[in-house]
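# Overview (structure and organization)
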Amino acid sequence: MQTPDEFRAAHGDVTTWSSADIESYEHTLEAASSAYAEAIASGRFVLGRNVAGGEVVVELGTAEDLAQHFKAGALQSLIGGTTRSGKTSYAALLEQMQRTAG
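Residue numbering note: each chain is counted from 1, following its sequence as written. Whole-chain, interface and lining totals are the exception, using all residues; otherwise, since this is a predicted model, local features are given only for residues with pLDDT of at least 70 and side-chain atom pairs are given and counted only at 80 or more. Based on all heavy atoms of the structure, the side-chain values leave hydrogens and waters out of the count.

### Focus: the packing of aromatic side chains
The rule is short: rings of Phe, Tyr and Trp, with Trp giving its six-membered ring, pair when the centres are within 6.5 Å, and they are stacked under 30 degrees, edge-to-face over 60, tilted in between. This structure, assessed with the given rule, holds 3 aromatic pairs. Judged by centre distance (5.4 Å) and plane angle (80°), the rings of Phe 7 and Trp 17 are edge-to-face. In this pair, Phe 7 is assigned in helix 1 (residues 4-11) and Trp 17 in the loop between helix 1 and helix 2 (19-32), connecting sequence segments 10 residues apart. The pair Phe 7 / Trp 17 is uniform in exposure class, with both members buried. For every residue, the accessible area obtained with a 1.4 Å probe (protein chains only) is divided by the maximum for its type, and the residue is called buried under 20%, exposed over 50%, and partly exposed between those limits. Owing to a relative accessible area of 4%, Phe 7 belongs among the buried residues under this scheme. Members of the aromatic cluster, joined through ring pairs, are Phe 7, Trp 17 and Tyr 25. Counting from the N terminus, the helices are the DSSP runs of H or I reaching at least four residues and the strands are the DSSP runs of E reaching at least two.

### Considerations on the packing of helix 1 against helix 2
For the pair helix 1 and helix 2, the least separation of the axes is 9 Å and the interaxial angle reads 160°. Taken together, the axes of helix 1 and helix 2 lie roughly antiparallel to each other. Contact with helix 1, carried on its side by Pro 4, Phe 7, Arg 8 and His 11, involves Asp 21, Ser 24, Tyr 25, Thr 28, Leu 29 and Ala 32 of helix 2 and no other residues of that element. Residues are grouped as follows: Ala, Val, Leu, Ile, Met, Phe, Trp, Tyr, Cys and Pro are nonpolar; Asp, Glu, Lys and Arg are charged; every other residue, Gly included, is polar. For the contact of helix 1 with helix 2, a count of residues per class yields 5 nonpolar, 3 polar and 2 charged. Axes here refer to lines fitted to C-alpha atoms; in helices the fit is confined to the stretch in contact. Angles between the N-to-C directions go from 0 to 180 degrees. For classification, angles of less than 35 degrees are called roughly parallel, those exceeding 145 degrees roughly antiparallel, those between 65 and 115 degrees roughly perpendicular, and all remaining angles oblique. Whether two residues are in contact is decided by their heavy atoms: any pair within 4.5 Å suffices.

### Some words on the pattern of salt bridges
By definition here, a salt bridge exists when the distance from a side-chain nitrogen of Lys or Arg to a carboxyl oxygen of Asp or Glu is within 4 Å. One pass over the full model with this rule turns up 2 salt bridges. When the shortest N-O distance is used, the salt bridge between Arg 8 and Asp 5 registers 2.1 Å. Of the two residues, Arg 8 and Asp 5 are both situated in helix 1; the distance of 3 residues between them amounts to about one turn of the helix. We classify Arg 8 as partly exposed; its relative accessible area is 35%. Ionic pairing is found between Arg 44 and Glu 38, a salt bridge with its closest N-O pair at 2.6 Å.

What follows is the structure, given as structure tokens:
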């Protein structure tokens, strides 16, 4: 597997990358990340990523944390869709409920 530097050198200017290239690069970054290796080794899950001070910070958690994370995300999606009037879009709400119901 390539390192992130090797991937960038092989694929050139990032502004010309396809969505498949970007996804492949994300996998390369994850494979090179000690945080992801730690998650795998400890049986924990990656709940999220963010950047702090120029460094990628990975949030790890248990299976229970992951379930709560998904529930919170689904709830936020359900109540987040609004129309210009500020009222919840019932079509968006219905669509999201159908997606989360499976």
